[in-house]
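Below, each chain spelled out in residue letters.
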Amino acid sequence: MTTLSSGFARARRWLREHPLAFDATLAFCTLVAMICSSFTDPGDGHGPPAFGARTPELFSVLLMTLTAAALVLRRRRPMQVLAVTAALSAVEYVLMDPPAPVVMSTVIALYTVASRTDRPTTWRVGLLTMGGLTAAAMVFGSTPWYSQENFGVFAWTGLASAAGDAVRSRRAFVDAIRERAERAERTREEEARRRVAEERLRIARDLHDVVAHHIALVNVQAGVAAHVMDKRPDQAKEALAHVRDASRSALNELRVTVGLLRQQGDPEAPTEPAPGLAVLGELVTTFRNAGLPVEVACADRERLPAAVDLAAYRVIQEALTNVRKHAGAGAKAEVSVVRVGATAEVTVLDNGRGSAGRRPGAGPADGPPGDGDGLDSGGHGLVGMRERVTALGGALTAGPRYGGGFRVHAILPVEARTGEPERPGTAGGTGLRR
């Protein structure tokens, strides 16, 4: 049974791949059926049909052969094939008595037209074919107009129209489902690509924050070491120790950030949590060691969502880096993190006297970035801060303070936007503490 079913499936697949061969086979089978039926006498309706009771005329055999041959082209020229078979069937009803079943070819041709055109066309063509052939059978036949043979023509042609329309509707339904599934698949792929692009942007911001902060500290401490190397070697050693610590921290954070790009199953994937306000004290200490006095004020210790916690840390890190690079000698910075209703506000102030034109984003309304030196040249750090805050549904403003200095102020919603992924290792948030 399994061998038979597999052989049938292979044959059906081959015929589907070769439609012309299928139509030729159908035409041959139709011709055989018409010829066999032409030897059958239906009788008077009170007994079974008698096979071999009559012999078809040569003209009827010719018409049956022509209509069967026309079916070979039923897919390429459906309307023309229907017109030819219907006309030859009508000729058979007019000239021959009793007529041969040439109408079988018309039934198949009408089904093909109904399955390959729209419904209005099926109705028009079907009614015309049904009415014309039924009228020819009733008017020119020797049997009474109400005989079952005449109504059989009407029934078979009507059935062919209905079956073809049903097949066309089912094909349209299946095609619509397939198109919907393909569209949904494309939508999923586009959504996946969009999420990948957003994640790459977040990783790029993290990489910029890490490199800008630590390399700036390394640059400052290396300059200090070079300046005091001959006169105060102890202070130079201390500066070099800070350089070593800053470079080690940069490598560790780069390892954590780049670890997000690892494929599943890669060995030694990092598991360290992303930085947050819980390590704000360590961040501030690195700036103090670099010679920048920093005061920190946290109003409460309520936990923040992981994404908000990371964004607040990065804003403070970037803002302090800009202060260290651009505020000038003798500058001081103040950092505050407070909870105001449903938001957390992060503020970084400094009293630096550096040129406002060299501050990233300097201007009364976050104007065009300056040409500041270092990694933040062109104001990319401020752009990254603003993008990070905006991604969480918050707002960031930055600009000169009245009387001198610079101010960075970020408002972060306590609840991250829907669909914002949690950072690994920071579930549950961190406390606001120094």
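Everything in this summary refers to the structure shown in the same document. On a predicted model such as this, the values are computed, not experimentally measured, just so you know.

### Looking at helix 5 (residues 103-116)
Next up, step 1: Here helix 5 contains 14 residues, and its C-alpha end-to-end distance of 20 Å stays within 8% of the 20 Å for a straight helix at 1.5 Å per residue.
Next up, step 2: Taken as a whole, helix 5 has its buried residues at Val-103, Ser-105, Thr-106, Val-107, Ile-108, Ala-109, Leu-110, Thr-112, Val-113, Ala-114 and Ser-115.

### A word on the nonpolar core
Next up, step 1: One finds Val-294, Ile-316 and Leu-396 to be the most contacted residues of the largest nonpolar core, which totals 42 residues.
Next up, step 2: Sort the elements by how many residues they give to this core and helix 10 (residues 306-326) lands first, with 10 residues.
Next up, step 3: If you look at the next biggest cluster of nonpolar residues, it comprises 12 residues, including Ala-27, Leu-71, Val-107 and Ala-109.

### Things to note about the environment of Val-91
Next up, step 1: Tracing the chain through its elements places Val-91 in helix 4 (residues 78-95).
Next up, step 2: Judged by relative accessible area, Val-91 falls into the partly exposed class, the value being 31%.
Next up, step 3: Considered as a pair, Val-91 and Ala-136 are 45 residues apart in the sequence and their alpha carbons are 8.8 Å apart.

### Quick look at a nonpolar patch on the surface
Next up, step 1: Side chains of Phe-59, Leu-62, Leu-66, Val-91, Val-94, Leu-95, Val-139 and Phe-140 sit close together on the surface and give an oily, nonpolar patch of about 710 Å² of accessible area.
Next up, step 2: Broken down by secondary-structure element, the contributors of at least two residues to the nonpolar patch are helix 3 (58-70), helix 4 and helix 6 (119-140).
Next up, step 3: By relative accessible area, Phe-140 is classed as partly exposed at 45%.

### Here we look at a positive patch on the surface
Next up, step 1: On the surface, Arg-10, Arg-12, Arg-13 and Arg-16 cluster together into a patch of positive charge.
Next up, step 2: Secondary-structure assignment places Arg-13 in helix 1 (residues 2-17).

How each quantity is defined
What you see as residue numbers is a count from 1 along each chain, following the sequence as written. For a predicted model such as this one, the threshold for reporting local features is a pLDDT of at least 70, and the threshold for listing and counting side-chain atom pairs is 80 or more; totals across whole chains, interfaces and linings nevertheless cover every residue. Working from all heavy atoms in the structure, the side-chain values ignore hydrogens and water. Labels follow the DSSP assignment, with helices taken as runs of H or I lasting at least four residues and strands as runs of E lasting at least two, numbered in each case from the N terminus. Under the convention used throughout, the expected extent of a helix is 1.5 Å for every residue step, that is, one less than its residue count. Exposure categories follow from relative accessible area, calculated using a 1.4 Å probe and restricted to protein chains: below 20% of the type maximum is buried, above 50% is exposed, and the middle band is partly exposed. Nine residue types can take part in a nonpolar core, namely buried Ala, Val, Leu, Ile, Met, Phe, Trp, Tyr and Cys, and a core is a set of them joined through side-chain atoms within 4.5 Å. Patch criteria: residues need more than 30% relative accessible area and no salt bridge. Like-charged residues are merged within 9 Å; nonpolar side chains of Val, Leu, Ile, Met, Phe, Trp and Tyr are merged within 5 Å. The protein chains shown are the only cover counted for residues, whose accessible areas, like all others here, come from Shrake-Rupley with a 1.4 Å probe. A pair is scored as a salt bridge if a Lys or Arg side-chain nitrogen falls within 4 Å of a carboxyl oxygen belonging to Asp or Glu. His residues and chain termini do not enter the charge count, which takes Lys and Arg as positive and Asp and Glu as negative. Working definition for charges: the position is that of NZ of Lys, CZ of Arg, CG of Asp or CD of Glu.

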